[in-house]
Amino acid sequence: MLINQKNPHGGDIYTHDVRLDFSASLNPFGMPHSMQKALEQAANCSSSYPDPYCRKLKESIAAYEGVEAAAVLCGNGAAELIYSFCYALDAAKPALVLEPTFCEYSAALSAANVPVESYSLRKEDDFRLTEDILKLDFNTYSALFLCSPNNPTGFTVGKELLTALAASGVRVLLDVSFLELTQAPQCYDIPALLREFPNVCVLRSMTKSFAMAGVRLGYMLCTDAPFLETVAQKAPCWNVSTPAQLAGIAALKEQAWLRESVKNIQRAKKELSRSLKALGLRVYEGEANYLLLYHEKPLAEKLAEQGILVRDCANYKGLGEGYVRIAVRTPEENRQLLAAIKALCAQ
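Residues numbered from 1 in each chain as written. Predicted model: local features only at pLDDT ≥ 70, side-chain atom pairs only at ≥ 80, totals over all residues. Heavy atoms only, no water.

*Asks:* Account for the sheet that holds strand β5 (residues 143-147), naming residues and giving values.
*Replies:* The strand order β2-β8-β7-β6-β5-β3-β4 describes an open sheet built from 7 strands, whose pairing is mixed. With one partner strand each, in any of the chains shown, β2 (72-75) and β4 (116-120) form the two edges of the open sheet. The average undirected angle you get between the axes of adjacent strands in this sheet is 25°. As paired strands, strand β3 (residues 95-99) and β5 are joined by 3 bridges and run parallel to one another. Residue pairing across strands places Ala 95 opposite Ala 143, the latter belonging to β5. On the sheet, helix α2 (residues 55-65) packs against β2, β7 (200-205) and β8 (218-221) and is oriented at approximately 125° with respect to β2. (Pairing = 2+ DSSP bridges. Helix = DSSP H or I, 4+ residues; strand = E, 2+ residues; numbered from the N terminus. Axes fitted to C-alpha atoms, helices over the stretch in contact; angles between N-to-C directions. Contact = heavy atoms within 4.5 Å.)

*Asks:* Go over the environment of Tyr 53 with me, naming the residues and quoting the values.
*Replies:* Looking at the element boundaries, Tyr 53 is found in the loop between α1 (33-42) and α2. By relative accessible area, Tyr 53 is classed as exposed at 56%. Each C-alpha atom of the pair Tyr 53 and Asn 239 lies 10.0 Å from the other, and the pair is 186 residues apart in sequence. (Buried < 20%, exposed > 50% of the residue type's maximum accessible area, 1.4 Å probe, protein only.)

*Asks:* Now, about the packing of helix α10 (residues 255-278) against helix α12 (residues 331-345): what can you tell me, with residues and values included?
*Replies:* Where α10 meets α12, the closest approach of the two axes is 11 Å, and the angle between their N-to-C directions is 10°. In terms of orientation, α10 and α12 fall into the roughly parallel class. Together, Ala 268, Leu 272, Ser 275 and Leu 276 of α10 and Asn 334, Leu 338 and Ile 341 of α12 make up the contact between the two elements. Tallied by class, the residues present in the contact of α10 with α12 amount to 5 nonpolar, 2 polar and no charged. (Parallel < 35°, antiparallel > 145°, perpendicular 65-115°, else oblique. Nonpolar A, V, L, I, M, F, W, Y, C, P; charged D, E, K, R; others polar.)

*Asks:* With reference to specific residues and values, describe α2.
*Replies:* For α2, every residue scored as buried is listed here: Leu 57, Ile 61, Ala 62 and Glu 65. All buried residues of α2 lie within an arc of 135° about the axis, which places them on one face of the element. Facing away from the buried side of α2 by more than 90 degrees, the exposed set consists of Lys 56, Glu 59 and Ala 63. Here the buried face of α2 lies against β2, α6 (190-196), β7, β8 and α9 (242-251). (Arc of directions from axis to C-beta.)

*Asks:* Which residues make up the packing of aromatic side chains, and what are the values?
*Replies:* Two descriptors summarise a pair of aromatic rings, namely the distance from one centre to the other and the angle between the planes of the rings. In this structure the tally under the stated criterion is 12 aromatic pairs. Their ring planes at 55° and their centres at 5.5 Å tell us that Phe 127 and Tyr 284 sit as a pair that is tilted. Note that Phe 127 is positioned in the loop between β4 and β5 and Tyr 284 in strand β9 (residues 282-284), a separation of 157 residues in sequence. Every member of this aromatic cluster is reached through a ring pair, and the members are Phe 85, Phe 102, Tyr 105, Phe 145 and Phe 227. (Phe/Tyr/Trp six-rings, centres within 6.5 Å; stacked < 30°, edge-to-face > 60°.)

Take a look at the structure:
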């Protein structure tokens, strides 16, 4: 819960009078019916404490990911696991965070009193991570944070570059929260990566793929058992609610539904990107289900006046005024956004 602090994220439909929310990059087709039923059924057993070991959920995740159940740690959304991960690090060494990226990495490191060192992604590279990063001495860092696809740029880390970074021996938090919403969700062989590199922790969020932001569920995969246990000790016992556990089990059975929705999202994304470019906006067309845009006019402010919420990226380190991130929504919602932007550009 926030107190006397500005919400640094998208999805704040409570502060604003919002009719269209493009600020939260969630699956625009909502959650499948089976998940809704699971949440309804959870009401019948919510008088008891949730399973603190998440046994059935862990088994389902392990089977889905092709890993041992012992390599799975569930959390109250990916954000909680980021904080637990940071509290498990060696605070005597700084952690390396790429910028621009998800602000909770630095926030969690600061909360855990772990020094933060930034690595700036260059505008001339379209904010893509290049092999230049391999020139660093990773022995000086307690961890490296990799977001793939990166938030807010949408670009993934190349497989060979990821392998080289993992081989450096530094503890890697690979956040693939949006990967399942791309056209290549299997671009990494995650079971093989985890077997070869115990220093790698893979972070998944079910919030985005299955539009369950209000339910809160994420999980971490890691084969370094002592480290994963330390991460687990940094969170409360009953941090994953019964509704979240049951919804998660149901979601993992809905892969056909997910793949069909991703086809529709990516199709809509191509059309949305093409139309935005035609309006004169700079579009960073990464692999994710969102687009980073740049325009000299204050789009976020002007759109908010019309009840359209986009993610103002002015507070992302390395970006600034003029940058916004928009989720890819349904074709009809996208058309409404385009009409609003077209009118603003014409002013």
